[in-house]
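Listed here are the chains, written in short residue letters.
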Amino acid sequence: MAKKAAALDIKNVDPHEIASALAKAMCEGDIVNFRLIFMPFSPARKTSTESFDMPKYAYLQPGDTQQRDPRFQQCLAMVERAEMMNFIQSELDANRPAQLPSELLLALADHAVREGKFTNAAQACELLRIRPRMQQIFYEQADAALDAGDVAKGVRGYRIATGLAYDYAAFPEPLPATPDYQTRALVMHADYPQDIMDCVGMQDTEPMIETALNYLLLEPEAVARLEKRPVEIRLAFLTEWVRRQDPRWDTFKQQYKEACALATAFGKRLEGQQEDAKDLAGAIEEQQQSDDPRSIAAALLGRTIGGGEWWQYLKELACEHPASALFVARQAVGDIEILLPRRRSDSAVARALGLCAGAASDAPSS
Amino acid sequence: MSDEGYVNYFEILELDESAKPGEVRKNYKRMMKNLVMEIARVEITEERRAHYLLEMAKLNAAFYILRNTATRETYWSKRQEVVALEAQWREAVKQGSPEGDAKRRAFDGQCRDFLSEYVEEAMLAAGRDPDCVEASHWDPAHERHASRILRHYRHDLYRRILERLPYVEVTPPQIDWAEREQTAAAILAETGN
């Protein structure tokens, strides 16, 4: 009690520090730091023993470069308006949970969308009760862009709209929906393909696009909106989506080609040795004493995983390159299962995503 | 005042609050039979499965709660209580009363408890009741599928209630939707995302 009284006596919080910390959080679209300023233990509260001077709170204040950023200055101007500062101060002084100023929260949501911090934006919009309608606005504008033939803009709109989705069945409380490709990829490959044509990558163009969009877009509503569009548009959309979602897709393309070459080499080496090898799986089985077929999965991922189970490689691949899970398949080799590159050599989807260039990149078809 | 969102099992069974247990049973049997026949007629997709599971769970829970006078009265009094708490809190906010926050907390706790008890728990418990199992062929596999669907349904009801409640965590926003559309267009015109 005496300690708290002492803190009350000596603590003096600079309003400019509060304003710049809030402006920084807004400008960065960071709802966590924004809410922290209003928490009971916040350094912005006079009753708290925490202080902005403490090194651990240095990250709340903008750096020199950021202070010159026009977006930051715009946010600071919004916060530093007299009536806004009065409201913020009154909320910080009140002995109860603070009410967040919705005007600042709305600006934070916009900046979060700009920065691609969709979960922050979704949380801010949910607090403001505007999330479903904002999602609709982005869907509608993205659809208009697709109608006008602007696929890149359409993809941007769909990325934002799906990014604003909420998972109301999350435990213990509803939370923004987050990409869970490592789980979705496992579900997609849950059944062992009984026939080569059961593999995802061996589908015809249209079913393949549908599978890919269902898997990548996460939101059934988004997929339903795209369903009626011509196949060329959906293919262009898918290609642009993968490019935007995975900036390291080019690296994966190289790894995929190496894995294809490795898988083909396994087959070719054995063709010379064993005339009656029926398929690649049989051939690989014969060779597994000298060559570890798991090196194909390691080539796909670009590194080796200890243990090396197919599902471990699949989860890592799906996490690093979500779309990669569409072009691989499980293959039993003796008493182990491995992950192989698998796609049709005439697949329009694989071609559009750069997985078919050059004969050396052709995946084994059996 | 709206009581939308607080699941009304009388409405689900198309009955009024004075309905006798015999009417509850009769309506439940009729509606469940119609639902089972409808399920048999249509091709089951993922979306339809979720819809039918929820419909079945709602009918089962309605029968399970309303057939017995004691459970029916407890359910109805708890529902009335939470509806009254909502009204009291709204009134306190309207009057600017200092008791507003205490009333909000009382309402929020009661509302969550009511929805947990009478949406998820009652629906799952009804699925284990022999009479409901006989009429709906509900089995453990249904229960496994239903738990997520019921959680979704509970949150959906909570959200519907929340939509009409006073703002607590944030100040009431002044949303200009024309400005929102322009902002969205400006964001989409940028090439960052």
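Rules behind the numbers
Residues numbered from 1 in each chain as written. Chains lettered and ligands numbered in written order. Predicted model: local features only at pLDDT ≥ 70, side-chain atom pairs only at ≥ 80, totals over all residues. Heavy atoms only, no water. Phe/Tyr/Trp six-rings, centres within 6.5 Å; stacked < 30°, edge-to-face > 60°. Buried < 20%, exposed > 50% of the residue type's maximum accessible area, 1.4 Å probe, protein only. Helix = DSSP H or I, 4+ residues; strand = E, 2+ residues; numbered from the N terminus. Lys NZ or Arg CZ within 6 Å of the ring centre and 35° of its normal. Pairing = 2+ DSSP bridges. Salt bridge = Lys/Arg side-chain N within 4 Å of Asp/Glu carboxyl O. Domains from an automatic or database assignment. Contact = heavy atoms within 4.5 Å. Buried area = accessible area lost by both parts, 1.4 Å probe. Polar contact = N/O pair within 3.5 Å; in protein donor to acceptor, adjacent residues only side chain to side chain. 1 Å grid on protein atoms, 1.4 Å probe; cavity = no way out; pocket = protein on both sides within 12 Å on 5 of 7 lines; lining within 4 Å. Points joined across faces, edges and corners; volume = space filled by probe spheres on them. Nonpolar A, V, L, I, M, F, W, Y, C, P; charged D, E, K, R; others polar. Patch = residues over 30% accessible without salt bridge, like charges linked within 9 Å, V, L, I, M, F, W, Y side chains within 5 Å. Areas by Shrake-Rupley, 256 points an atom, 1.4 Å probe, with all protein chains shown as cover. Lys, Arg positive; Asp, Glu negative; His and termini not counted. Charge placed at Lys NZ, Arg CZ, Asp CG, Glu CD.

Draft legend 1. Structural view of the packing of aromatic side chains. For the structure on display, the rule yields 17 aromatic pairs over all chains. Measuring from ring centre to ring centre gives 5.8 Å for F34(A) and F38(A), while their planes differ by 55°; the resulting arrangement is tilted. Here the two residues F34(A) and F38(A) agree in accessibility, since each one is buried. Between the aromatic rings of Y6(B) and F114(B), the centroid separation amounts to 6.3 Å while the plane-to-plane angle is 70°, which identifies the pairing as edge-to-face. Of this pair, Y6(B) sits in the segment before helix 1 (9-12) while F114(B) sits in helix 5 (residues 100-126), placing them 108 residues apart in sequence. Like Y6(B), the residue F114(B) is buried in the burial classification. Its guanidinium or amino end placed over the ring of W177(B), R133(A) lies 4.1 Å from that ring's centre, counting from NZ or CZ. Across the ring face of F63(B), the terminal group of R67(B) is positioned such that the distance to the ring centre comes to 5.1 Å.

Draft legend 2. Structural context of the pairing of strand 4 (residues 336-341) of chain A. Residues and elements named next belong to chain A. Both strand 3 (residues 328-333) and strand 4 contribute to a ladder of 6 bridges, which runs antiparallel. Opposite A332, over in strand 4, you have E337 as the bridge partner. In textbook terms, the turn of a hairpin is the stretch between consecutive antiparallel strands, and for strand 3 and strand 4 this stretch comprises 2 residues, one of which, G334, has a positive phi near 60°.

Draft legend 3. The pattern of salt bridges, seen in detail. Taken as a whole and judged by the stated rule, the model has 45 salt bridges over all chains. Of the charged contacts in the structure, one is a salt bridge between R71(A) and E190(B), with a shortest N-O distance of 3.7 Å. Of the two residues, R71(A) sits in helix 5 (residues 70-79) while E190(B) sits in the segment after helix 8 (177-189), which places them in two different chains. R71(A) sits in the partly exposed class, given a relative accessible area of 29%. When the shortest N-O distance is used, the salt bridge between D346(A) and R344(A) registers 3.1 Å. Put simply, D143(A), D147(A), E221(A), R225(A) and R229(A) are held in one network by salt bridges that share partners.

Draft legend 4. Expanded view of the domain arrangement of chain A. All names here are of chain A. By the assigned domains, chain A splits into domain 1 (2-117), domain 2 (130-178) and domain 3 (180-366). Listed by partner, the interface residues are 17 residues for domain 2 and 14 residues for domain 3. Regarding the contact of domain 2 and domain 3, the summed buried area is about 1,500 Å², with carbon and sulfur atoms giving 61% of it. For the domain 2 face of the interface with domain 3, the top three residues by lost area are V155, Y158 and R159, together amounting to 33%. Here domain 2 is connected to domain 3 by 3 salt bridges.

Draft legend 5. Up close: the environment of R67(B). Residue and element names in this part refer to chain B. Looking at the secondary structure, you find R67 in the loop between helix 3 (46-66) and helix 4 (69-95). We classify R67 as partly exposed; its relative accessible area is 22%. The sequence separation of R67 and G22 amounts to 45 residues, and the corresponding C-alpha distance is 7.8 Å. Ignoring sequence-local partners within four residues, the contact set of R67 consists of P21, V24, D129 and D131. Side-chain polar atoms of R67 contact the side chain of D129, separated by 2.7 Å. A polar side-chain atom of R67 sits 3.4 Å from a polar atom in the side chain of D131.

Draft legend 6. Summary view of the side chain of R79(B). Topologically, R79(B) is positioned in helix 4. When residues no more than four places from it in sequence are discounted, the contact partners of R79(B) are D3(B), Y6(B), V7(B), N8(B) and F114(B).

Draft legend 7. Spotlight on empty space enclosed by the protein. Applying the stated criterion to the full structure yields 1 cavity of 30 Å³ or more. In this structure, the largest cavity occupies an estimated 60 Å³ of space. Around the largest cavity, the lining residues are A109(A), D110(A), V113(A), C125(A), M134(A), F138(A), L164(A), R180(B), T183(B), A184(B) and I187(B). Of all the secondary structure elements, the ones that give two or more residues to the lining of the largest cavity are helix 7 (102-114) and helix 9 (131-147) of chain A together with helix 8 of chain B. At 4 residues, helix 8 of chain B tops the list of elements feeding residues into the lining of the largest cavity. Here the residues of the lining of the largest cavity are counted per class, giving 8 nonpolar, 1 polar and 2 charged. Among the domains, domain 1 (2-117) and domain 2 (130-178) of chain A are the pair contributing at least three residues each to the lining of the largest cavity.

Draft legend 8. Spatial organisation of a negative patch on the surface. All names here are of chain B. A cluster of acidic residues, E11, D16, E17 and E23, forms a negative patch at the surface. On the secondary structure map, E23 appears in helix 2 (residues 21-41). For E23, a relative accessible area of 39% translates into the label partly exposed.

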